[in-house]
Amino acid sequence: MLTPRQLFLRHQAQTSDFPLLLEIERAEGVYMFDAEGQRYLDLISGIGVSNVGHRHPRVLQAIQQQLDKYLHLMVYGELVQAPPAVLAEALHRTLPPYLDNVYFTNSGTEAVEGALKLAKRHTSRTGLLSSYNAYHGSTHGALSITGSESFKNSFRPLLPNVQHFRHNNFDDLSLITKHTAAVIIETVQGEAGVRVPAPGYLPALRQRCTEMGALLILDEIQCGFGRTGTFWAFEQFGIEPDILLTAKGMGGGMPIGAFISSQEIMSGFKTDPILGHCTTFGGHPVSCAASLATLQVIQEEQLLTGVAEKATRFRQQLVHPAIREVRGCGLLMAVEFDSFDILKPIIDHALWHEHILTDWFLFCDNSLRIAPPLTITNAQIDDACTALLRAITAVAGE
Ligand code: PMP
C-alpha cells in the first residue's frame, strides 16, 4: 500500500518540484496537527482563507445544519435557496447601499472572470487595466490581467487590450481613458509582497475612473473579510468600488467567492444574451451557510477590533539585523529579507524545527508572509515571534 505522500507525488498534479510535503491530519484554531500529533502554528491561514481559524465551531454547526437539509439542487439562479439569498443580504449590509447585488462563484478567479465580463457588458468597451505585480487568478481572463510577464508568457494568446500601470504611480493614471472598460486593483496588493496604497492614490484612481466612465473593480479576494482590520479593506482608503470581489476568507474554509455590484450593473447579464453568466456550483448552499456563519463570527466575536493591535505586536517583536522591513495592513504582513537565498532556509527551518508554517509571495520572493487567523492570541503571537527569530538567527546569525 502506498502512503498518501507517495500517492500525492505520483498521482496528484504538481505545480513545482519542491512541495513542502508536510502531511496534516487535522486542524483546529490556529494549529494544524500531523499524524504523530505534532502541532504546527499556522501563520498564513491557507493564504488568507482561515480568517476565523480552522474549523470554527459556528462554521461547523452551520455546515452540519445545511447538510441535513440539502446539498446541490440546480444550476445557479433558478431555484430559491435560502443560504445564498440570506448571505447576499448579509453581505449587502456590510457595504455601501448601492452595492446590493451578489453573484456567487466557487473561487476567486471565477469572481474575477465574472467581473471582467460584467464590466465589458456594462460599458460596451474592451480595455482592461491592472497593476504590475498584481495577482488576480490563474484562469485565462484573470491571468491576462495578472501583472507578471514571466507568469503569462507561456500561455499566450491571452485577452487583448490589457495594459498595466505602476502601483502607486499617479502619472500612470492617464492610461485610464474613454476606451477603458475597467480598472482592477487589489485594495492592498497581496502577492506583490503586501503593498499598501500611498496616501491619496486610491481616491485619485477612483476619480479618474469616474471621469472616464471606466468601472473600478476592487479585488479583495485576499485582503477582504477582516484581514486588514476593517471588514473590507477599502473602508480604510476613502473610496468605493463599482464591483467588489471576494473569496478566500469568505467561506471560513469552504470554497466560495463572489462579485458584488449594483442591481443596475448586474442586470447586464439578463439580456443580450439571456443567461449572460452561468455556473453549476456557484453559491453552493453548504458554502453559503459556512460563509454566513463566518461573517457572523467576525462581527459577533468582534474580531476586527483586535487586528491592528495584533499586527503591532508582531512588528514590535520582529526586529533582527537580517530583517530589512516589515510591511503590512492589519494581519496581512510581509517581512522582507535581502534575498530568497536567505528567506527560503528561514521558512524551512521555521517549519521543520520550530513548527511554524509560513511562506513567501508569488511576485516577491524575498519576503516572508505573515497572515495568521484573526483569532490568534497575544500568547500565540509571542510564541510565533520567538520561534521565527530563532529560525532567522539559525540561518542568518545574530
Ligand atoms: N485575487 C487575489 C488578490 C488573490 O490573492 C487570489 C489568490 N491568491 C486570487 C485572486 C485567485 O483566487 P483563487 O485562487 O480562489 O482562484
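In this text the structure is predicted, and so the values were computed from the model without any measurement.

*Asks:* Would you take a moment to explain the domain arrangement of the protein for this structure?
*Replies:* Accessible area lost when the parts come together is the quantity often used to give the size of an interface. Splitting the protein by domain gives domain 1 (4-55 + 302-396) and domain 2 (58-300). Between the C-alpha centres of domain 1 and domain 2 there is a distance of 26 Å. Taken residue by residue, the interface counts 28 residues in domain 1 and 37 residues in domain 2. Here domain 1 meets domain 2 over a buried area of about 2,600 Å², counting both sides, of which 63% is carbon and sulfur.

*Asks:* Please clarify how the sheet that holds strand S2 (residues 31-34) should be interpreted in this entry.
*Replies:* Sheets are built from strands paired through backbone hydrogen bonds, the pairs being either parallel or antiparallel. A sheet is described by the order of its strands in space; here four strands give the open sequence S1-S2-S3-S13, paired in mixed fashion. The open sheet has two free edges, formed respectively by strand S1 (24-28) and strand S13 (356-357), since each of these has just one partner strand.

*Asks:* Whenever I open this one, the side chain of aspartate 172 confuses me. Can you help?
*Replies:* When you line up the elements, aspartate 172 lands in the loop between strand S6 (162-165) and strand S7 (180-186). Sequence-distant contacts of aspartate 172, defined by excluding residues within four places in its chain, comprise Phe165 and Arg166.

*Asks:* What's the story with the site of the ligand in this structure? I'm lost.
*Replies:* Surrounding the ligand, one finds Ser107, Gly108, Thr109, Tyr135, His136, Gly137, Glu186, Asp219, Ile221, Gln222 and Lys248. In the environment of the ligand, an oxygen atom lies 2.8 Å from a nitrogen or oxygen atom belonging to the backbone of glycine 108. Within the backbone of threonine 109, one N or O atom sits 2.8 Å away from an oxygen atom of the ligand. Compared with its free state, where it exposes 390 Å², the ligand has 82% of that area covered by protein. Considering only residue class, the shell around the ligand consists of two nonpolar, six polar and three charged.

*Asks:* Help me understand the nonpolar core, please; the structure alone is not making it clear to me.
*Replies:* Nonpolar side chains tend toward joint burial in soluble globular proteins. In this structure, Leu91 and Ile176 are the most contacted members of the largest nonpolar core, which totals 55 residues. Looking at this core element by element, the count peaks at nine residues for helix H10 (residues 285-300). When residues of this core are assigned to domains, at least three map to each of domain 1 (4-55 + 302-396) and domain 2 (58-300). When neighbours within four sequence positions are excluded, isoleucine 176 is seen to be in contact with Leu129, Val183, Leu205, Arg208, Cys209, Met212 and Ala214.

*Asks:* Which parts of the structure should I look at to understand the pairing of S2?
*Replies:* Burial along S2 is two-sided: the face carrying Tyr31 and Phe33 and the face carrying Met32 and Asp34 are both buried. The pairing of S1 with S2 spans four bridges and is classified as antiparallel. Residue pairing across strands places arginine 26 opposite phenylalanine 33, the latter belonging to S2. In textbook terms, the turn of a hairpin is the stretch between consecutive antiparallel strands, and for S1 and S2 this stretch comprises two residues, one of which, glycine 29, has a positive phi near 60 degrees.

*Asks:* I'm lost on the packing of aromatic side chains in this one. Help?
*Replies:* The way to describe two aromatic rings as a pair is by their centre distance and the angle between their planes. Evaluation of the coordinates by the stated rule reveals 13 aromatic pairs. Ring centres 4.9 Å apart and planes at 15 degrees place the aromatic pair tyrosine 103 and phenylalanine 259 in the stacked group. Remark: phenylalanine 259 occurs in strand S10 (residues 257-261) and tyrosine 103 occurs in strand S4 (residues 101-105); sequence separation between them is 156 residues. Aromatic pair phenylalanine 151 and phenylalanine 363: ring centres 5.3 Å apart, planes at 90 degrees, arrangement edge-to-face. One end of the pair, phenylalanine 151, is in helix H7 (residues 149-152); the other, phenylalanine 363, is in the loop between S13 and strand S14 (367-370), with 212 residues separating them in the sequence. One aromatic cluster in this structure is built from Tyr76, Tyr103, Phe259 and Phe269. Across the ring face of phenylalanine 33, the terminal group of arginine 26 is positioned such that the distance to the ring centre comes to 4.2 Å. One Lys or Arg, arginine 39, reaches over the ring of tyrosine 31 and ends 4.0 Å from the middle of that ring.

*Asks:* Sorry if this is basic, but what is going on with the sheet that holds S6 here?
*Replies:* Read from one edge to the other, the open sheet built from seven strands follows the order S4-S10-S9-S8-S7-S5-S6, with strand pairing classed as mixed. Lying at the two open borders of the sheet, with one neighbouring strand each, are S4 and S6. The average undirected angle you get between the axes of adjacent strands in this sheet is 20 degrees. In terms of strand pairing, strand S9 (residues 243-246) meets S10 through three bridges, oriented antiparallel.

*Asks:* Would you mind showing me how to read the pattern of salt bridges here?
*Replies:* It is possible for side chains bearing opposite charge to pair when their charged atoms get close. Taken as a whole and assessed by the stated rule, the structure comprises 15 salt bridges. Salt-bridge contacts for glutamate 149 lead to arginine 156; the nearest nitrogen and oxygen are separated by 2.8 Å. One salt bridge in this structure joins glutamate 325 and arginine 327, with 2.8 Å as the shortest N-O distance. By relative accessible area, which is 36% here, glutamate 325 ends up partly exposed. One network of salt bridges, with partners in common, ties together Arg324, Glu325, Arg327, Glu336 and Asp338.

What counts and how
Residues numbered from 1 in each chain as written. Predicted model: local features only at pLDDT ≥ 70, side-chain atom pairs only at ≥ 80, totals over all residues. Heavy atoms only, no water. Domains from an automatic or database assignment. Contact = heavy atoms within 4.5 Å. Buried area = accessible area lost by both parts, 1.4 Å probe. Pairing = 2+ DSSP bridges. Helix = DSSP H or I, 4+ residues; strand = E, 2+ residues; numbered from the N terminus. Near = heavy atom within 4 Å. Polar contact = N/O pair within 3.5 Å; in protein donor to acceptor, adjacent residues only side chain to side chain. Areas by Shrake-Rupley, 256 points an atom, 1.4 Å probe, with all protein chains shown as cover. Nonpolar A, V, L, I, M, F, W, Y, C, P; charged D, E, K, R; others polar. Core = buried A, V, L, I, M, F, W, Y, C linked by side-chain atoms within 4.5 Å. Buried < 20%, exposed > 50% of the residue type's maximum accessible area, 1.4 Å probe, protein only. Phe/Tyr/Trp six-rings, centres within 6.5 Å; stacked < 30°, edge-to-face > 60°. Lys NZ or Arg CZ within 6 Å of the ring centre and 35° of its normal. Axes fitted to C-alpha atoms, helices over the stretch in contact; angles between N-to-C directions. Salt bridge = Lys/Arg side-chain N within 4 Å of Asp/Glu carboxyl O.

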